[in-house]
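# Structural description and commentary
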Amino acid sequence: MADWTIEDAERVYRVNRWGAGYFEIGANGNLHITPVPGNPQVRIDFKSVIEEIKLEGIQFPVVVRFHDILRSQVAELNQTFRQKIEEAEYQGNYMGVYPVKVNQMREVVEEIADAGEAFNYGLEAGSKAELLTVLAYNTNEHALTILNGYKDEEFMRLALLGRKLGRKIFVVVEKYSELLSLVKIAKELDIDPLIGVRSKITVKGRGKWESSGGDRAKFGLTIAEIINATRYLEEHGMAHCLKLLHFHIGSQLTDIRSVKDAIGEGGRIYAELRHMGVELEYVDVGGGLGIDYDGSQSTNDSSRNYNLQEYVADVVYGMKEVCEQEGVPHPNLVSESGRFITAHHSCVITQIVGEIKPAAAAFDTTAEEGEHVLVDNMRDLHDTMDDSDNVQEIFNDASQWKEQALNAFKLSVISLTELAKIETLYWQIMSRLQPRLKNEEFVPEELKELDYNLSSQYLCNFSIFQSAADTWAIDQVLPVVPITRMNERPTVNCSLVDITCDSDGKIDQFVGEDGITDVLPMHPLQPGEDYYIGMFLTGAYQDVMGDMHNLFGRLNEVHIFSDDDDPEDFYIEEVVNGSSVSSVLSIMQYNPSSMAQNVKRVIDRHVAAGAIKPREGVKWTDFYENCLHGYTYLKHTK
Ligand SMILES: *Cc1c(COP(=O)(O)O)cnc(C)c1O
């Protein structure tokens, strides 16, 4: 296979670019994982993970979580802040928090809290359910707990319970009336709250979430409201409780300039408030630290034009500069980076369960007596075209005849068989034109679509609405690569379709050789052999935003821990079963056991009437019940 190297595969799949040091194409053509970049001896061949999943009898699709990647990201974020703080001789500390909305899975939150213990890394909550979670899981008294989002009185009481338990729990005021209710309840319970205010700063992030900042932002106080808030607290003898200034200009910030601008503006507000006598101790810069999903290192929506080092440097040095100009103390720095912590740690692995071939499918086009002249014309073109003919001319002739044939068919001039022959010949002509387009200097728009129109569709056993909601909702690009055979030339250009009954259930944006492409080169399916693909960087938001479209529900999950002493360098620490049909039906208010009884009654009636043999009736009853308790996705048998 000397005509195809791993470097060629890397050029097609760009694993090094989006893999962030965790993923790489191995010399054997399989995807490899280095879950702790500082320890390259631990290297997992993804194929052996799949083998083990099969051995355990777990059905695909499966979410695979690498807990060590979570830990590595937590360590990297905290260490980078510490390094820059030291290097800049910055006086404050880094006191980061993980926003649980990005992935609220218990195992994920537990792992992050555990990995963050050494750094006093805390948690952030944005709803009552999340607050109840962080109260139970953020038990480190030195770490911060930050509460964002809209709050009711019960929410305030829970926060004050946290204070009673000795936690550094900040209520961030998102709208003015929350301040009044917080002050009222704090007085009633006689507990001093820790208060933050969220500023509606005017800097807008670029990218999909730019409306998180600016005048029309949903959250935050205007400057006037912040000043009023400080006066209100003073009047109530609680000025000393206001300790934190917060801003968040959006998720997945694509351009580093918006980070710099936000630090500049937020820093000024902090300094002015200090001058006014408000003893702020923390500045919380929110989330937004982006992920390079498409590997382009650009301001594309699915990328970013900076790395972690630059982001942290801009926060630390930017704040230092403002403070020194203004002669105010350096505040402790808080960030709420969620996407950065969780995106890499999980992926969805599934098999291709079928191929929807392009239209040039096999159909006998041999000439027959008395065929319509349009069939003859198309066949002539097909038989006589050669490489010296003008591509555009052939395309025009063929397209015109195909259109005429369709009209002729509608007018009963040609038969169904004749139409089938014309369409088959047309697509065969197109597939011969397609490779010649690469050599043409100028390719007209209509011919550019040939690549896409002549590509296959690989049918994947999963639902994008469950596993990759953002690819559907906001055109998020997520890397997709085959798990094996990357040492073979991929000869099938394809897009991916899922198993939902929805034509939107498809993926036709991929990380490609030169940016985003609409088809991905894959390997031909081989009879009797499963072809596994992975969709990567799904650990942030995608993991937890899925819906019940077509009642597919949650996926089976395996949690992988690395282990240097293990021959394969890993073990499956836990298996979490995905949704069974009966569990998703129950959510939709069905009663699976009475459904089973209904079906059994009908079967019994047919048995009584002699239409079904009793033994067979029992089998059908059991079969229905087994399916009811089974997995919602396709059971793929090779
Ligand atoms: C969503 C959110 C975050 C997390 O943002 P990422 O871009 O995932 O880091 C942080 N803070 C607030 C207030 C948020 O709403």
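Residues numbered from 1 in each chain as written. Predicted model: local features only at pLDDT ≥ 70, side-chain atom pairs only at ≥ 80, totals over all residues. Heavy atoms only, no water.

### Quick look at the overall build of the chain
If you tally the helices and strands in the chain, you get 23 helices and 23 strands. Overall, the C-alpha framework of the chain stretches about 100 × 75 × 55 Å when taken along its three principal axes. Burial analysis of the chain (638 residues in total) assigns 54% to the buried set. Within the chain, contacts between residues at least 6 apart in sequence are counted, and of these 76% link residues at least 24 apart. Working note: accessible area of the chain is about 28,500 Å², and carbon and sulfur atoms make up 48% of it. The centroid of the 59 positive side-chain charges in the chain is displaced by 6 Å from the centroid of its 100 negative side-chain charges. (Helix = DSSP H or I, 4+ residues; strand = E, 2+ residues; numbered from the N terminus. Buried < 20%, exposed > 50% of the residue type's maximum accessible area, 1.4 Å probe, protein only. Contact = heavy atoms within 4.5 Å. Areas by Shrake-Rupley, 256 points an atom, 1.4 Å probe, with all protein chains shown as cover. Lys, Arg positive; Asp, Glu negative; His and termini not counted. Charge placed at Lys NZ, Arg CZ, Asp CG, Glu CD.)

### Digging into the environment of Ser-302
Mapped onto the secondary structure, Ser-302 falls in the loop between strand 11 (282-284) and helix 11 (308-326). When the C-alpha positions of Ser-302 and Cys-460 are compared, they lie 23 Å apart, and in sequence the two are 158 residues distant. If near-sequence neighbours (up to four positions away) are discounted, Ser-302 is found in contact with Gln-252, Ile-291, Asp-292, Tyr-293, Asp-294, Asp-475, Gln-476 and Val-477.

### A word on the domain arrangement of the chain
Interfaces are often sized by the accessible area lost when the parts come together. Each assigned domain of the chain is listed with its residue range as follows: domain 1 (148-336), domain 2 (373-451) and domain 3 (582-629). Inter-centroid distance (C-alpha atoms) of domain 1 to domain 3 is 57 Å. (Domains from an automatic or database assignment.)

### Digging into the sheet that holds strand 3 (residues 44-45)
The 3 strands lie next to each other as 1-2-3, forming an open sheet whose pairing is antiparallel. Pairing within the sheet leaves two strands with one partner each, and these edge strands are strand 1 (23-25) and strand 3. For strand 1 and strand 2 (residues 31-33), the ladder comprises 3 bridges, and the chain directions are antiparallel. Its bridge partner being in strand 2, Phe-23 is matched across the sheet by Ile-33. (Pairing = 2+ DSSP bridges.)

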